[in-house]
Amino acid sequence: MGTGTARRAGPVGSNAGLGVVLLVGAIALVATAAMWFALALPEPRTRAQVTINDVDLGGRTIPEAAALFGERVDRYLSTLIDLHAGDRSIAVSPTTLGLTRDTVPTLQEIERLAIPLRREVLLWPTTGRGAPVAIEPRLSVDAAPVRAAIQNLARELDFAALEPELRVMPDTSIVERAGRTGRALNQTETARRLERMFGDFGTALDLPFEPVPFQTQAADLARARQAAEAFMGTGLTVKANGATWPLSRGDHASWNEFRASPVAGFATHPTRPLAWLGDRAREASGAWRNARFAFGARSEIEIVPARVGRELNADEALPMLLAGALSTSRVIDLPTREIAPRVTTEEARAMAFPDIVVEASTLYQPGIPERNHNVELAASRINGTLIRPGETLSFNRAIGPTRLRDGYQVAYGIIAIGDGIQTVPSVAGGICQVANTLFHAVFHLGLPIVERTSHLYWIPRYGQPPRGLTGLDAAVDEKIALDLRFTNTTGAPILVQATTDRTTLRFRLHGTRPDWTVAISAPRLSRSIPADSAIFRQEEPTLAAGRTIQVEEARAGFDAAIDRVVTRGGQVIDQYSASSRFAPSRNLILVGTRR
């Protein structure tokens, strides 16, 4: 038995050993094949069905995927995004909204989700290439630009609520204007929507707004209307310093304004009555005056006595006017105060003007009647002006307002329009000759010049001898704050005398002759620009039909400089250069068309 069993056991053991060997060999072969296959694989590629929005990256290597995605980002960055705000659309580039070209975060997501593992590659023959993979791009946004862009949008697109309003019209009717709800951009939600839109490569976005309601209610408007109707029910009577001014309902209608907060109602506007009050102040204060100087037939100096008067108390008049307009009495007594003259009669009599310290004159004929009138009127307004020691005289302030209602007429003046120069109708045209002749006098006297501006082109009549020089002129214009100013440094008062005799304008400055010496150079002329000698005709609707006026003559343009040095005892006490740049002028004739 034992021997038979041993013989049967021999073959069985041999077969088992062979099986083990074969199994181990198979495993080794598979492992070797797998290792070879893995090592022999080409560069890793994405799964077959990988997309980023509309970009197909299936089966791409990492460099290929990066290139395709980068091209898509570049195309997106070059587009414009339409931001919709109601019926308005604003086109903005993605970069303006803070989007950058940083593709690294998205490529990292591709490697994490779209590149199969090696073991997955080994199983492809039995499991297929895997399910579709849709990757959302992770685009980078620079926080500072996007925040700034959203804030700019808010500033441009937000608008406040418009409160309902009642207005009192000049005819005293009361008109209601409806309110309007405002809006404010929701900046947090806008940033969220932008981020989502960038991820979709979107090109349009509806901006989110929040309504801003107005506060005034219908009941408030009704009460305000009742108050306005009661206020406008009767007129007002204003009194001051013996003068009385009745105001009808319409006269003071514009003084009132509707205020929506804190409680809807009407109130008197804090500044609208100022213009009316200013005119009344002149009327109520007409009794006072400074001592004035006048000149007799032989130029002897005469004194017009000062007069104490009263004037409106400016600090109290407006508040009382505002309060009185809302009172039930309908009568307002404005406060006044005594006003003493700045120059008393005694002070004027104590002043001495022993010398004619300087004299200058120019011809203002020939000239059109309107211009001549303006020259004579301005000369009369500055005649008798006192300049105290150390005081700076302003020509514009000395002659006063230059309006039609102040007696001036429409003549012609020079203005700059863009790069060109034009001669146009101008109220008070011609008064520059008055300033110019006064400038000649103070220039030769040696007084310090605080402000002086030359004309835009040269006018020869302004350089007439004996005081005139080529390039020595002065332009003034109250409307654009162009002034002539100089300071009295003689140590004694100066009295201005200005006279006209239908042809000649003459200034004499009376005072005490100063102890200095004045040296004036000849004009230095340069940069000559020839003028166009053609004749230009221009229709002028303010000029009567059939009337023609030559308002410019063709003359070359040039630069001029005239130096003045004032010395005392060999020491320089003042230096001044009258520098000017004149453009060329032309032959311009205005042809009237007014019928």
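Keep in mind it's a predicted model, so treat the numbers as computed, not measured.

**Q** A description of the overall build of the protein should follow, citing residues and the corresponding values.
**A** In terms of regular secondary structure, the protein is built from 13 helices and 35 strands. Expressed as a percentage of the 595 residues in the protein, the buried residues total 40%. A sequence separation of at least 24 residues applies to 70% of the contacts in the protein between residues at least 6 apart. Accessible surface computed for the protein: about 31700 Å², of which carbon and sulfur atoms make up 55%.

**Q** So what's going on with the pattern of salt bridges? Residues and values would help.
**A** Summed over the entire model, instances satisfying the criterion amount to 21 salt bridges. Here Arg-192 and Glu-189 are joined by a salt bridge, their closest N and O atoms 2.5 Å apart. Residue Arg-192 and its partner Glu-189 are both found in helix 6 (residues 187–199); the two are separated by three residues, about one turn of the helix. Judged by relative accessible area, Arg-192 falls into the partly exposed class, the value being 41%. Classification of Glu-189 as buried rests on a relative accessible area of 18%.

**Q** So what's going on with the sheet that holds strand 20 (residues 355–363)? Which residues, and what values?
**A** Here we have four strands laid out as an open sheet, ordered 20-28-27-21, and antiparallel in their pairing. The sheet is open, and its two edges are formed by strand 20 and strand 21 (386–387), each paired on a single side. Looking at chain direction, strand 27 (residues 494–500) and strand 28 (residues 504–511) are connected through six bridges and run antiparallel. The residue bridging Gln-497 from the neighbouring strand is Arg-508, located in strand 28. Packed on one face of the sheet, helix 11 (residues 369–382) meets strand 27 and strand 28 and runs near 155° to strand 27. Helix 13 (residues 432–445) rests against strand 20, strand 27 and strand 28 of the sheet, and its axis sits at about 140° to strand 20.

**Q** Describe the packing of aromatic side chains, and please don't skip the residues or the numbers.
**A** Scanning the model with the defined rule gives nine aromatic pairs in all. Measuring from centroid to centroid gives 6.5 Å for Tyr-76 and Phe-198, while their planes differ by 75°, and the two rings are edge-to-face. On the criterion of sequence distance, the pair formed by Tyr-76 in helix 2 (residues 62–77) and Phe-198 in helix 6 is long-range, its members being 122 residues apart. Taken as a pair, Tyr-76 and Phe-198 share a single burial class, namely buried. Site record: aromatic cluster; members linked through ring pairs are Phe-69, Tyr-76, Phe-198 and Phe-201. In this arrangement the basic side chain of Arg-72 is found over the ring face of Phe-201, its NZ or CZ atom lying 4.5 Å from the centre. If you follow Arg-586 out to its NZ or CZ, it ends over the ring of Phe-536, 5.1 Å from the centre.

**Q** Would you mind going over helix 5 (residues 143–157) in detail, with residue names and values included?
**A** Relative to the 21 Å expected for 15 residues at 1.5 Å per residue, helix 5 spans 21 Å between its end C-alpha atoms, a close match to the ideal helical length. In this structure, the buried side of helix 5 is in contact with strand 3 (81–85), strand 4 (88–92), strand 8 (182–185), helix 6 and strand 10 (209–212).

**Q** Outline the packing of helix 2 against helix 3 (residues 104–113), listing residues and values.
**A** Viewed as axis vectors pointing N to C, helix 2 and helix 3 meet at an angle of 140°, and their least axial separation amounts to 11 Å. Classified by the angle between their axes, helix 2 and helix 3 sit oblique to one another. Where helix 2 crosses over helix 3, the handedness of that crossing is right-handed. Two secondary-structure elements touch here, helix 2 through Ile-62, Ala-65, Ala-66 and Phe-69 and helix 3 through Thr-106, Leu-107, Ile-110 and Glu-111. When the residues that make up the contact of helix 2 with helix 3 are grouped by side-chain class, the tally is six nonpolar, one polar and one charged.

**Q** Explain helix 3 to me, and be specific about the residues and the numbers.
**A** All of the buried residues along helix 3 are Thr-106, Leu-107, Glu-109 and Ile-110. The buried residues of helix 3 occupy one face: seen down the axis, they fall within an arc of 155°.

**Q** Outline the side chain of Asn-488, supporting the account with residue identities and numerical values.
**A** Mapped onto the elements, Asn-488 comes out in the loop between strand 26 (485–487) and strand 27. Separated by 3.3 Å, the side chain of Asn-488 and the backbone oxygen of Arg-388 make a polar contact. Once residues within four sequence positions are removed from consideration, Asn-488 is found in contact with Ile-387, Arg-388, Pro-389, Gly-390, Glu-391, Leu-447, Pro-493 and Ile-494.

**Q** Explain the sheet that holds strand 25 (residues 449–451) to me, using residue names and the numbers behind them.
**A** Taken in spatial order, the three strands of this open sheet run 22-26-25, and their pairing is antiparallel. Two strands close off the open sheet at either side, each with one partner strand: strand 22 (392–394) and strand 25. Sheet twist, expressed as the mean angle between neighbouring strand axes with direction ignored, is 25°. Sheet analysis places strand 25 next to strand 26, joined by two bridges and oriented antiparallel. Bridged to Ile-449 within strand 26 is Phe-486.

**Q** Tell me about the environment of Thr-385, and please be specific about residues and values.
**A** Note on placement: Thr-385 falls in the loop between helix 11 and strand 21. Taking the C-alpha atoms as reference points, Thr-385 and Leu-509, 124 residues apart in sequence, are found 9.9 Å from one another. Once residues within four sequence positions are removed from consideration, Thr-385 is found in contact with Leu-393, Ala-398, Ile-494, Leu-495 and Val-496. Polar contacts involving the side chain of Thr-385 include one to the main-chain carbonyl oxygen of Ile-382, which spans 2.6 Å.

Parameters and conventions
- Residues numbered from 1 in each chain as written.
- Predicted model: local features only at pLDDT ≥ 70, side-chain atom pairs only at ≥ 80, totals over all residues.
- Heavy atoms only, no water.
- Helix = DSSP H or I, 4+ residues; strand = E, 2+ residues; numbered from the N terminus.
- Buried < 20%, exposed > 50% of the residue type's maximum accessible area, 1.4 Å probe, protein only.
- Contact = heavy atoms within 4.5 Å.
- Areas by Shrake-Rupley, 256 points an atom, 1.4 Å probe, with all protein chains shown as cover.
- Salt bridge = Lys/Arg side-chain N within 4 Å of Asp/Glu carboxyl O.
- Pairing = 2+ DSSP bridges.
- Axes fitted to C-alpha atoms, helices over the stretch in contact; angles between N-to-C directions.
- Phe/Tyr/Trp six-rings, centres within 6.5 Å; stacked < 30°, edge-to-face > 60°.
- Lys NZ or Arg CZ within 6 Å of the ring centre and 35° of its normal.
- Expected span 1.5 Å × (residues − 1).
- Parallel < 35°, antiparallel > 145°, perpendicular 65-115°, else oblique.
- Left-handed = near helix turned anticlockwise from the far one by under 90°.
- Nonpolar A, V, L, I, M, F, W, Y, C, P; charged D, E, K, R; others polar.
- Arc of directions from axis to C-beta.
- Polar contact = N/O pair within 3.5 Å; in protein donor to acceptor, adjacent residues only side chain to side chain.

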